[in-house]
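# Commentary on secondary and tertiary structure
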Amino acid sequence: MALVKKGARLITVDGTTYRWRLRGRPTYDRGLVRSPLAYAVEHADSPGTTLVITTDQPHPGNWLGARGGPVLPTQVADGIRTALTNGWTPRAAGSPFHLDQSDGFVSSP
C-alpha cells in the first residue's frame, strides 16, 4: 500500500529517493503517550514494502503536553540505512517492514 502523497516529504539517501510521512494527528495511544511516535517510508519511484520506523519520543501532537521533538531528515536517513542493512527491500511487494528504535521511550502512567 502506497503512502498518501499529501504531507509526505522526499529524502535522498545514498542516491535513492524515498518518500516519508509522519501522521499529522496522533492515534489514541500516541495521543496519551502510551506508545511512541512512528513514521512511514517508501521508495519514491516504485513503492513496494513500506518501512515503519518507531522512534523513542512521543508524538509532537500528543494531548498531555509531553515534549516531543521534530523528526529530522538525518534521523530518517539513518533509519533507512539501518533498515536496508537489516533486510528491508523497498521495491519488493510485501508486508510492512518494522524498525523499532524505541529504546528509552517512557510512556505516561
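Anything mentioned here points back to the structure above.
Just so we're clear, the structure is a prediction, and the values are computed from it rather than from any experiment.

Moving on: the overall build of the chain. Across its full length, the chain holds two helices and five strands. Sequence-ordered secondary structure for the chain, helices as α and strands as β, is β-β-α-β-β-α-β. Expected size for 109 residues packed as a compact globule is a radius of gyration near 13 Å; at 14 Å, the chain falls within 12% of this value. C-alpha atoms of the chain, sized along the principal axes, occupy 40 × 30 × 25 Å. A buried classification covers 39% of the 109 residues belonging to the chain. Only carbon and sulfur atoms are counted for the fraction: they give 51% of the accessible area of the chain, which is about 6500 Å². If you average the places of the 12 positive and of the 8 negative side-chain charges in the chain, the two averages end up 11 Å apart.

Further remarks concern the environment of Y28. Note on placement: Y28 falls in helix α1 (residues 28–31). The class for Y28 is exposed, based on a relative accessible area of 55%. For the pair Y28 and G61, spaced 33 residues apart in sequence, the C-alpha to C-alpha distance is 11 Å. Beyond its immediate stretch of four places on either side in the chain, Y28 contacts R34 and W63.

Rules and cut-offs
- Residues numbered from 1 in each chain as written.
- Predicted model: local features only at pLDDT ≥ 70, side-chain atom pairs only at ≥ 80, totals over all residues.
- Heavy atoms only, no water.
- Helix = DSSP H or I, 4+ residues; strand = E, 2+ residues; numbered from the N terminus.
- Rg over C-alpha atoms; globule rule 2.2 N^0.38 Å.
- Buried < 20%, exposed > 50% of the residue type's maximum accessible area, 1.4 Å probe, protein only.
- Areas by Shrake-Rupley, 256 points an atom, 1.4 Å probe, with all protein chains shown as cover.
- Lys, Arg positive; Asp, Glu negative; His and termini not counted.
- Charge placed at Lys NZ, Arg CZ, Asp CG, Glu CD.
- Contact = heavy atoms within 4.5 Å.

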